[in-house]
Structures are given as structure tokens and as C-alpha cells.
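# Remarks on the overall topology
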Amino acid sequence: MYKVLSANFSRLRKDKTFWLCMAVMLVYSVVYMLNGCRQAVVDLAEYDCCIDEYYFHFAILTGAFCALFASMFLGTEYSDGTIRNKIIAGHTRAEIYIANLLTVFSATLFIMMVWLIGALVGIPVLGTWKIGVSGLLLYLVIAVFFTAAFSAIFTCLSMNCENKAITAAASIFLFLGVFIFTSMIYNALSQPQMVSGVEITANGMEMSEAAPNPNYISGTMRAVYEFILDFLPTGQGLKMWQVEISNPVRMVASSVFITVTMTAGGIYLFRKKNLK
């Protein structure tokens, strides 16, 4: 498998999609953080802004970049006949699959690392992290694990679909669909337990007495929603972006479960696949 990995990383160094993703992520991180600095200066009198509010924005972008890179990079393996050549050379399908998974995972980590470096431009204005060094390391560990889950999902899809265009479209739409789903769950959980409206009285507009919110989710259903949000990598990214990590162990365990099951399933399907 070492030879397959070596060949993959040799391709990676020359891959235009990889370098384009790196460049876009770097530019976006710098622009986003500088805009955050500008907003912090404007709102300085009203809000105590910190880098935590902006630094983890990469968490909701990681899956999209992983989907794009995996579909394009692995799709080329089919279009160029590289996979058949590797099998002819004596490599097993499991070796090829795992090597490709590690390549996608490594490339996505590099893309994420570009954000982490570029976003440091916000430190002079926003300061360092309020969650502390230990909190920052915990968030980064969770990010590495949900990146592995994203890599396993999109590698499975890309390795079992020969059409690069269909794979790219399916991967992006899958990410967007799951992200929208988790956003809906997050918004539902964000509903306040009590709400108060506005009443027009003789004294003008006044706030009415607080009443129970009919949209508030409680009990078993709330626990189910929270589990789904912590289980899906898009949900983990969303909570990280909002700096609301509360169940790190469950998140890491969920990412490990997704990575293992998707990899095992992907290898099984790839072994059965008829390579024309």
C-alpha cells in the first residue's frame, strides 16, 4: 500500500483541484477574519467580540471542500484508467481503497490547516481564544475526527461511481442536503422555552407576559434531536462554528463509527464492483 500512497501523494502535489481548494480557503479565511475584525471594532462599545466567534467557521466548510476534492480526485482515477492499472500491478482493491481514503483525508486536513493558519490574522484585533488552549485543542481533535467521517463518506461514494460529473454533483448535493437537515434541527433546538409578544396599550407598545413556546422541543424528542446533531459531521461542524460543543466524547465516537462503517461498506462494494 505504501507504493499506492506514494503515487497518490505524487499526484496530489500536481492536482489543480487540490491547490485551488487551498487557495480559495486561504483567501476566504483572511477576508472573513478581517471582516470580523472590522465588525468587532465597529461594535466594540456594545459587544465583547473575540476570535472564537469567527475562527471555527471552517467547520461548516470542511465537508463541502472534502466532497469536491474527493469526487474530482478519485473520479480521475476512473477516467484515466489508473485504478485498473493499480490492480494489474498487483495491488488489492482494499489497499487501493484505503490508500485513496487516506489521501482524501490528508488533503482535506491540509485544506483545513490553511484556514487555521490564515485565520490567525484576526489575533491582533480579536485577541486569543476565550476557550483556552485546552479548549482549542479539543475543538481541533473533534474537527480531525469529523473530517475523517466526511472523507469516509465521500470516498465511499467516489470509489463506487465511475462517472466523475455524477459523483461530483451527488457529493455536493449530499453534503448540502445533510447540512440543511442539521440546520433545521439546530434551529428547532434553538427555540426558547418561553416567549413574550408585544401588546399595544394606552401607554404604547409593551412586552406581554412570558408564555410557553409551542415550538419548544422538550423531553425525549429533544434528546433525539441533540443526538442527531452530535452524530452527523455536519451537525458537529455547525455546533463548532457556534462554539457550542457540549458532548465531545459522543461526537468523536460518532465520527469513529461513521468512518469505520462507511469504510467497511465502501470496501465491500468496491470489491464487488465490475471495473470495465
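It should be noted that the structure appears before, not after, this text.
Here is a short report on the structure shown in this document. (Residues numbered from 1 in each chain as written. Predicted model: local features only at pLDDT ≥ 70, side-chain atom pairs only at ≥ 80, totals over all residues. Heavy atoms only, no water.)

### Observations regarding the overall build of the chain
Of the regular secondary structure elements, the chain holds 12 helices and 4 strands. With the principal axes as the frame, the chain shows a C-alpha extent of 85 × 45 × 35 Å. Every one of the 276 residues in the chain was classed for burial, and the buried ones make up 45%. In the chain, the share of contacts with a sequence separation of at least 24, taken over all contacts with a separation of at least 6, comes to 78%. By element, 67% of the accessible surface of the chain is carried by carbon and sulfur atoms, the whole surface being about 14100 Å². Across the chain, the mean location of the 18 positive side-chain charges is 23 Å away from that of the 16 negative side-chain charges. (Helix = DSSP H or I, 4+ residues; strand = E, 2+ residues; numbered from the N terminus. Buried < 20%, exposed > 50% of the residue type's maximum accessible area, 1.4 Å probe, protein only. Contact = heavy atoms within 4.5 Å. Areas by Shrake-Rupley, 256 points an atom, 1.4 Å probe, with all protein chains shown as cover. Lys, Arg positive; Asp, Glu negative; His and termini not counted. Charge placed at Lys NZ, Arg CZ, Asp CG, Glu CD.)

### Here we look at the packing of helix H4 (residues 62-79) against helix H9 (residues 164-189)
As a packed pair, H4 and H9 sit with axes 9 Å apart at the nearest point and diverge in direction by 165 degrees. Comparing the axis directions of H4 and H9 gives the class roughly antiparallel. Considering only the axes of H4 and H9, their crossing is right-handed. On H9, the residues that touch Gly63, Ala64, Ala67, Leu68, Ser71, Met72, Gly75, Thr76 and Ser79 of H4 are Lys164, Thr167, Ala168, Ser171, Ile172 and Phe175. Looking at the contact of H4 with H9 residue by residue, the classes come out as 7 nonpolar, 7 polar and 1 charged. (Axes fitted to C-alpha atoms, helices over the stretch in contact; angles between N-to-C directions. Parallel < 35°, antiparallel > 145°, perpendicular 65-115°, else oblique. Left-handed = near helix turned anticlockwise from the far one by under 90°. Nonpolar A, V, L, I, M, F, W, Y, C, P; charged D, E, K, R; others polar.)

### With respect to the pattern of salt bridges
In total, this model carries 5 salt bridges according to the counting rule given. Asp230 is paired through a salt bridge with Lys239; the nearest N and O atoms lie 3.2 Å apart. Each member of the pair, Asp230 together with Lys239, is buried. (Salt bridge = Lys/Arg side-chain N within 4 Å of Asp/Glu carboxyl O.)

### Considerations on the nonpolar core
Note on soluble globular proteins: their nonpolar side chains tend to be buried together. Among the nonpolar cores identified, the biggest contains 64 residues, and Tyr55, Phe56, Phe58, Trp115, Leu126, Phe154 and Met240 are the most heavily contacted of them. Counting residues per element, the ones that place at least two in this core are helix H2 (16-42), helix H3 (52-55), H4, helix H6 (93-118), helix H8 (132-159), H9, helix H11 (233-241) and helix H12 (248-272). At 11 residues, the largest contribution of residues to this core is made by H8. Not counting residues within four places of it along the chain, the set of residues in contact with Phe56 comprises Trp129, Ile131, Leu136, Tyr139, Met240, Trp241 and Val243. (Core = buried A, V, L, I, M, F, W, Y, C linked by side-chain atoms within 4.5 Å.)

### Concerning a nonpolar patch on the surface
Where nonpolar side chains cluster on the molecular surface, the patch consists of Val141, Val144, Phe145, Val256 and Val260 and spans about 350 Å² of accessible area. In terms of residue count, H8 provides more of the nonpolar patch than any other element does, 3 residues in total. Along the chain, Val260 falls in helix H12. (Patch = residues over 30% accessible without salt bridge, like charges linked within 9 Å, V, L, I, M, F, W, Y side chains within 5 Å.)

### A short note on H2
Counting along an α-helix, one turn takes 3.6 residues, and residues three or four places apart therefore face a common direction. With 27 residues, H2 ought to run about 39 Å at 1.5 Å a step, and its terminal C-alpha atoms sit 39 Å apart, in line with that. Buried residues of H2: Thr17, Phe18, Cys21, Met22, Met25, Ser29, Tyr32, Met33, Gly36, Cys37 and Ala40, and no others. Packed against the buried residues of H2 are helix H1 (2-12), H3, H4, H6, helix H7 (123-126) and H11. (Expected span 1.5 Å × (residues − 1).)

### With respect to the side chain of His57
By the element assignment, His57 lies in the loop between H3 and H4. A distance of 3.0 Å separates a polar atom in the side chain of His57 from a polar atom in the side chain of Tyr28. Other than its neighbours up to four places away in sequence, His57 contacts Tyr28, Tyr32, Trp115 and Trp241. (Polar contact = N/O pair within 3.5 Å; in protein donor to acceptor, adjacent residues only side chain to side chain.)

### As for the packing of aromatic side chains
By the definition in use, this model includes 19 aromatic pairs. With 6.1 Å between their ring centres and 65 degrees between their planes, Phe18 and Phe69 make a pair best called edge-to-face. Note that Phe18 is positioned in helix H2 and Phe69 in helix H4, a separation of 51 residues in sequence. Phe69 shares its class with Phe18; the two are buried. Ring geometry for Phe69 against Phe73: centres 5.1 Å apart, planes inclined by 25 degrees, an arrangement best described as stacked. Note that Phe69 and Phe73 are positioned in helix H4 at a spacing of 4 residues, about one turn of the helix. The pair formed by Phe69 and Phe73 is uniform in burial state, with each residue classed as buried. Among the aromatic residues, those joined into a ring-pair cluster are Phe18, Trp19, Phe69, Phe73 and Phe110. Sitting above the plane of the Phe73 ring, Arg11 keeps its charged end 3.9 Å from the centroid. Above the plane of the ring of Phe270 lies Arg93, whose end atom (NZ or CZ) is 5.6 Å from the centre. (Phe/Tyr/Trp six-rings, centres within 6.5 Å; stacked < 30°, edge-to-face > 60°. Lys NZ or Arg CZ within 6 Å of the ring centre and 35° of its normal.)

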